[in-house]
Amino acid sequence: MTNDERRQAFITAVKRKDFSYGGNLNLCDLTILKSLWKERYPDIEITGISSIQCHFRDRHIRYLFWLKSMGYTREQTASKGFRWETINKYWDNRELAERIVGRELP
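Residues numbered from 1 in each chain as written. Predicted model: local features only at pLDDT ≥ 70, side-chain atom pairs only at ≥ 80, totals over all residues. Heavy atoms only, no water.

Peer 1: Even after reading the chapter, I still don't get the pattern of salt bridges, so can you show me in this structure?
Peer 2: Pairing between side chains becomes possible if they bear opposite charge and their charged atoms approach one another. Using the criterion set out here, one finds 6 salt bridges in the structure. The partner of Arg57 in a salt bridge is Asp58, with the nearest N and O atoms 2.8 Å apart. Taking the relative accessible area as the measure of exposure, Arg57 reaches 29% and is therefore partly exposed. Across the pair Arg99 and Glu95 runs a salt bridge, and its minimum N-O distance is 3.5 Å. Within this pair, Arg99 and its partner Glu95 are both found in helix α6 (residues 94-101), separated by 4 residues, close to a single helical turn. Side by side, Arg99 and Glu95 carry an identical accessibility label, which is exposed. (Salt bridge = Lys/Arg side-chain N within 4 Å of Asp/Glu carboxyl O. Buried < 20%, exposed > 50% of the residue type's maximum accessible area, 1.4 Å probe, protein only. Helix = DSSP H or I, 4+ residues; strand = E, 2+ residues; numbered from the N terminus.)

This is the structure:
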């Protein structure tokens with residue numbers, strides 16, 4: 001298995017733990033990501049963790065804008081698991097959010 005394949009398999013295996021997929025963890029958090037990696041691959045050093053983190057960052061941005069399009073307030077969005085820093089960074093900056101995720105958001 002290549003490093004890319006392993007990273008993709010890892011994302012598939014743990015994504016449901018992230019709040020944007022219905023879990024209760026924030027998988028943008030490097031400490032959490034590294035811990036989950038060690039559980040899954042105890043003998044394999046993690047490489048390219050930034051690409052894993054980017055997957056969850058993009059997912060969070062898309063989820064934030066979906067919630068916003070559904071009429072959620074900032075406070076309601078924060079209750080879903082978002083950090084206030086993330087909400088404040090993207091809430092009124094659709095241009096930045098779309099540039100980061102590479103597509104139009106709801």
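That was the structure; now back to the text.
Peer 1: Sorry if this is basic, but what is going on with the side chain of Asp58 here?
Peer 2: If you trace the backbone, Asp58 turns up in helix α3 (residues 49-69). The contacts of Asp58, once residues within four sequence positions are left out, are Ile100 and Val101. (Contact = heavy atoms within 4.5 Å.)

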